[in-house]
Amino acid sequence: MSSSIQKNLASKNAEYASKFTQGDLALPPAKHYLILTCMDARIDPAAAFGINLGDAHVIRNAGASARDALRSIIISQQLLGTKEIILIKHTGCGMLTFSNDDAHSLVKKNLGPSASAEIATLDFLPFTNIDDAIKGDVEYLKRSAAVSDDVIISGWVYEVETGKVRQIV
Ligand SMILES: [Zn+2]
């Protein structure tokens, strides 16, 4: 029995695939850049950031964390040739609303001691100020020996209230 979410996916995809004509795109992103942004449901990266199919890697995680994304960033750059990083956090991010202690307590309460032990050393990487978090992540990437010095890195805020971006660094 499929869920309504699965049924939606299957029917909308059939519609999409019936008109799909871009099956011959190359694996490496044509414009050689990657965008790192949050998993927030209010962000539509392709539409809001002008990304055409095949142009860029889009890496998403909770809070657009550079540390969390490092594995994907290295793959993007070393195996698939991207040379620029656009980091985009956003207003109203959920990562502003809790602490590591809060997240660990919730896991313990809702999922029990085994889950709590399993993630005992996990840093959820929350932050308290968007601009500072963007500057900190850009600094982290610039300092990282795993990111080449000639990679162009910028940091932006996306406003979920207006759809606008602002460059921070
Ligand atoms: Zn977010």
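Structure: above.
Residues numbered from 1 in each chain as written. Predicted model: local features only at pLDDT ≥ 70, side-chain atom pairs only at ≥ 80, totals over all residues. Heavy atoms only, no water.

Student: How should I be thinking about the overall build of the chain in this particular structure?
Tutor: A tally of helices and strands in the chain yields 6 helices and 5 strands. Ordered by position in the sequence, the α and β elements of the chain form the string α-β-α-β-α-β-α-α-α-β-β. Judged by the C-alpha coordinates and their principal axes, the chain covers about 50 × 50 × 35 Å. Counting the 169 residues in the chain, one finds 36% classified as buried. Long-range pairs, those at least 24 residues apart, make up 66% of the contacts in the chain between residues at least 6 apart in sequence. Between the mean site of the 17 positive side-chain charges and the mean site of the 19 negative ones, the chain shows a separation of 4 Å. (Helix = DSSP H or I, 4+ residues; strand = E, 2+ residues; numbered from the N terminus. Buried < 20%, exposed > 50% of the residue type's maximum accessible area, 1.4 Å probe, protein only. Contact = heavy atoms within 4.5 Å. Lys, Arg positive; Asp, Glu negative; His and termini not counted. Charge placed at Lys NZ, Arg CZ, Asp CG, Glu CD.)

Student: In this structure, what is going on with the pairing of strand E4 (residues 152–158)? I would like to understand it.
Tutor: A regular strand places its side chains on the two faces of the sheet in alternate fashion. Most of E4 is tucked away: 5 of the 7 residues are buried. When strand E3 (residues 84–90) meets E4, the two strands line up parallel, connected through 7 bridges. Bridged to Leu87 within E4 is Gly155. Strand direction decides the pairing type here: E4 and strand E5 (residues 165–167), joined by 3 bridges, are antiparallel. In the sheet register, Val157 faces E5, and the bridge partner there is Arg166. Counting the residues between successive antiparallel strands, the hairpin from E4 to E5 contains 6 residues, one of them, Gly163, with a positive phi of roughly 80°. (Pairing = 2+ DSSP bridges.)

Student: Help me understand the coordination of the zinc ion in this model?
Tutor: Ideal coordination angles are 109.5 degrees for a metal with four donors arranged tetrahedrally and 90 or 180 degrees for a metal with six donors arranged octahedrally. Distances from the zinc ion to its protein donors, Cys38 (SG), His90 (NE2) and Cys93 (SG), fall within 2.0 to 2.3 Å. Counting along the primary sequence, the residues that act as donors to the zinc ion give the motif C-x51-H-x2-C. Placement of Cys38 in strand E1 (residues 33–38) and of Cys93 in the loop between E3 and helix H4 (100–111) is noted, with a sequence separation of 55 residues between them. The residues Cys38 and Cys93 share a single accessibility class, namely buried. (Donors = N, O, S within 2.8 Å, 3.2 Å for Na, K, Ca; no water.)

Student: Whenever I open this one, helix H6 (residues 130–143) confuses me. Can you help?
Tutor: Given 3.6 residues to a turn, an α-helix orients residues that are three or four positions apart in the same direction. Between its terminal C-alpha atoms H6 stretches 20 Å, which fits the 20 Å expected from 14 residues at 1.5 Å a residue. Ile130, Ala133, Ile134, Asp137, Val138, Tyr140 and Leu141 are the residues of H6 that are buried. End-on view of H6: buried residues confined to an arc of 155°, all on one side of the axis. Check the buried side of H6 and you find it contacts helix H3 (66–79), E3 and E4. (Expected span 1.5 Å × (residues − 1). Arc of directions from axis to C-beta.)

Student: Before we go on, may I ask you to explain the packing of aromatic side chains in this structure?
Tutor: Any two aromatic rings considered together are summarised by their centre-to-centre distance and by the angle between their planes. Per the stated rule, a full pass over the model turns up 2 aromatic pairs. Judged by centre distance (5.7 Å) and plane angle (90°), the ring pair of Phe49 and Tyr158 falls under edge-to-face. Taken together, the positions of Phe49 in the loop between helix H2 (45–48) and strand E2 (56–61) and Tyr158 in strand E4 put the pair 109 residues apart, joining distant regions of the chain. Accessibility classification places Phe49 together with Tyr158 in one group, the buried group. When the ring centre of Tyr140 is taken as reference, the NZ or CZ atom of Arg67 above it lies at 4.4 Å. (Phe/Tyr/Trp six-rings, centres within 6.5 Å; stacked < 30°, edge-to-face > 60°. Lys NZ or Arg CZ within 6 Å of the ring centre and 35° of its normal.)

Student: Explain the pairing of E1 here, please?
Tutor: Among the 6 residues of E1, 6 are classified as buried, and the element is accordingly described as predominantly covered. In this sheet, E2 lies alongside E1 in parallel orientation, the contact comprising 6 bridges. When the sheet's bridge partners are listed, Leu34 is paired in E2 with His57. Summarising the sheet, E1 and E3 pair through 5 bridges and their orientation is parallel. Across the sheet, residue Leu36 finds its bridge partner in E3, namely Leu87.

Geometric values such as these leave the question of function open.
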